[in-house]
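Residue-level structural notes
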Amino acid sequence: MYQYYKKGNYDIMEYTFNSLIEFIEYLDDTPTNTRIWGYNRLSSDGDDYDFYGTRSLNEAKELCKYGYHTNFDKLIELKLTLEKYIKLSMKKSKQYNFYVGYAPDVKAYLEGNPLSMLNKQNPKRKHIEIYYNSAILARVSTNEIYNRGAITLCLVEILENMGFSVGLNIFTMSKSGGQIHYAKFNLKHSGERLNVQKLYFPLCHPSFLRRLVFRLREQTPDITSTWVEGYGATCDDYIVRKVINLKENDIVVCQPSEMNVRGNDIIDDANAMFQYIDKFTNEEVELAHIKRLQR
C-alpha cells in the first residue's frame, strides 16, 4: 500500500488504494505525523468552505464513502452531449470458415467444402490504464474540471468499444523539497463496468484533494517539514510520466491547461484532449477528431 523509494532526483512516497473504502479506512486508522505537523491546526481540518467545498474532514469522508450528488446531473449532461457527437465502433471480429461454428455457410456446403460452418475469431483485448490527475491547480475553473471529467468518462467507453480492456486510476502527485507524494486509486479495474456515481466525488470535488489527500500527507511517515507550508506543488505532465511506470499506450489525463482544455465548449475541449493524448500513443489508439452534427 505504501512504499518509499528513490527515482531520479526525487524521493518518492507512493500509496496505492484499490477502493475508496480502503482509502478512508486507512485515513481513519493511521495517526498524524506529529513529528512534522506537531499539534497545530491541520489544513485538512480547515474551515474555508469556498476552498474545500465541505464543512469538515468527516463530511468529506462521508461523501467519499457514500456518494456525492450535488450537480451530478451536470456531469451526466456533459457526457451525454459529447456522446451524441462520438461514433463508437467496435473492432469487428474476423469471420472464417471451419468444421464447426455458429452458423452454416450454405454456399460452401453446396460446393462440397468440408469447412462449411462460419466461425468467429475474437481478437485478444489489449489492456490500457488511464491515469487521471486529480491534483489540480487552484486557478482551474469548475467548468474545466467538469469538462475534463466528462471527456475522460467518454474516453473509457471509446477505448472499450475499440476493443481494449481499460483500467481507470485517479491519482494525485505533488512535489516539495526533493520529495514527491504520489497516491493512486484504482477505481475501475479491467472488465469492470464504469460506475460514474462512484467516480464523481474524486473526479470533480475539491475536498478529495484538499481534505482527504492532504490528510494522507499529514499521515505520511517519511514526509519532511518542507510540506508544511502549502502541502507541495502539483507535478506537471513531464514529471508524472517520469514517475509512473507507464506501459505502451497507457494514458495520462493531466492538468487541463496542459491539454488545452478551456472549460467553454465540450467538443473543442474533447478534440484538444484527444489530440494531446494521440501524441503519446500509437496508431492502435488514434482518437478521431469529433465533428459537430449538421443541423
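Now for a description of the structure that goes with this document. Computed from a predicted structure; not experimentally measured. (Residues numbered from 1 in each chain as written. Predicted model: local features only at pLDDT ≥ 70, side-chain atom pairs only at ≥ 80, totals over all residues. Heavy atoms only, no water.)

It is worth spelling out empty space enclosed by the protein at this point. Under the criterion given, the structure shown has two cavities of 30 Å³ or more. Forming the walls of the largest cavity are S134, I136, I145, R148, P202, L203, C204, H205, P206, L209 and R210. Of all the elements in the fold, those that place two or more residues in the lining of the largest cavity are α7 (142-161), α8 (196-204) and α9 (207-219). Considering each element in turn, the lining of the largest cavity owes the most residues, three residues, to α8. (1 Å grid on protein atoms, 1.4 Å probe; cavity = no way out; pocket = protein on both sides within 12 Å on 5 of 7 lines; lining within 4 Å. Points joined across faces, edges and corners; volume = space filled by probe spheres on them. Helix = DSSP H or I, 4+ residues; strand = E, 2+ residues; numbered from the N terminus.)

Turning to its location among the elements, T172 is positioned in strand β7 (residues 165-176). Excluding residues that lie within four positions of it along the chain, T172 makes contacts with N133, S134, A135, H181, Y182, A183, L209, V213 and R217. (Contact = heavy atoms within 4.5 Å.)

Every buried residue belonging to helix α4 (residues 57-66) is among L57, A60, K61, L63 and C64, and all of these are buried. An end-on view of α4 places all buried positions within 165° of arc, on one side of the element. In α4, the exposed residues that point more than 90 degrees away from the buried face are N58 and Y66. At its buried positions, α4 is contacted by α1 (20-29), α8 and α9. (Buried < 20%, exposed > 50% of the residue type's maximum accessible area, 1.4 Å probe, protein only. Arc of directions from axis to C-beta.)

This brings us to the pairing of strand β6 (residues 127-133). The two faces of the sheet receive side chains in turn, since in a regular strand these alternate between them. The element β6 is extensively covered by neighbouring structure, given that six of its seven residues are classed as buried. Pairing of β6 with β7, which is carried by seven bridges, proceeds in the parallel orientation. Looking at β7, one finds that Y132 is bridged to I170. Two elements, β6 and strand β10 (residues 251-253), share three bridges in a ladder whose sense is parallel. Of the residues in β10, the one forming a bridge with Y132 is V253. (Pairing = 2+ DSSP bridges.)

The next thing to look at is the packing of helix α5 (residues 72-85) against α8. Where α5 meets α8, the closest approach of the two axes is 11 Å, and the angle between their N-to-C directions is 105°. It follows from the interaxial angle that α5 and α8 lie roughly perpendicular. Facing F72, L75, I76 and K79 of α5, the residues of α8 in contact are V196, Q197, Y200 and C204. Looking at the contact of α5 with α8 residue by residue, the class counts come to six nonpolar, one polar and one charged. (Axes fitted to C-alpha atoms, helices over the stretch in contact; angles between N-to-C directions. Parallel < 35°, antiparallel > 145°, perpendicular 65-115°, else oblique. Nonpolar A, V, L, I, M, F, W, Y, C, P; charged D, E, K, R; others polar.)

Glancing now at the pattern of salt bridges. With the rule as written, the count across this model stands at ten salt bridges. With a closest N to O distance of 3.1 Å, K79 and E157 form a salt bridge. Linking K79 in helix α5 with E157 in helix α7, this pair joins segments that are 78 residues apart in sequence. Look at K79 and you get buried, because its relative accessible area is 9%. Put simply, D237 and R241 hold a salt bridge, and the shortest N to O gap is 2.9 Å. With a gap of four residues between them, D237 and R241 both fall in helix α10 (residues 237-243), about one helical turn apart. With relative accessibility at 4%, the residue D237 sits in the buried group. What you see here is one network of salt bridges that share partners, running through D45, R215 and E218. (Salt bridge = Lys/Arg side-chain N within 4 Å of Asp/Glu carboxyl O.)

Coordinates in, geometry out; function isn't part of it.
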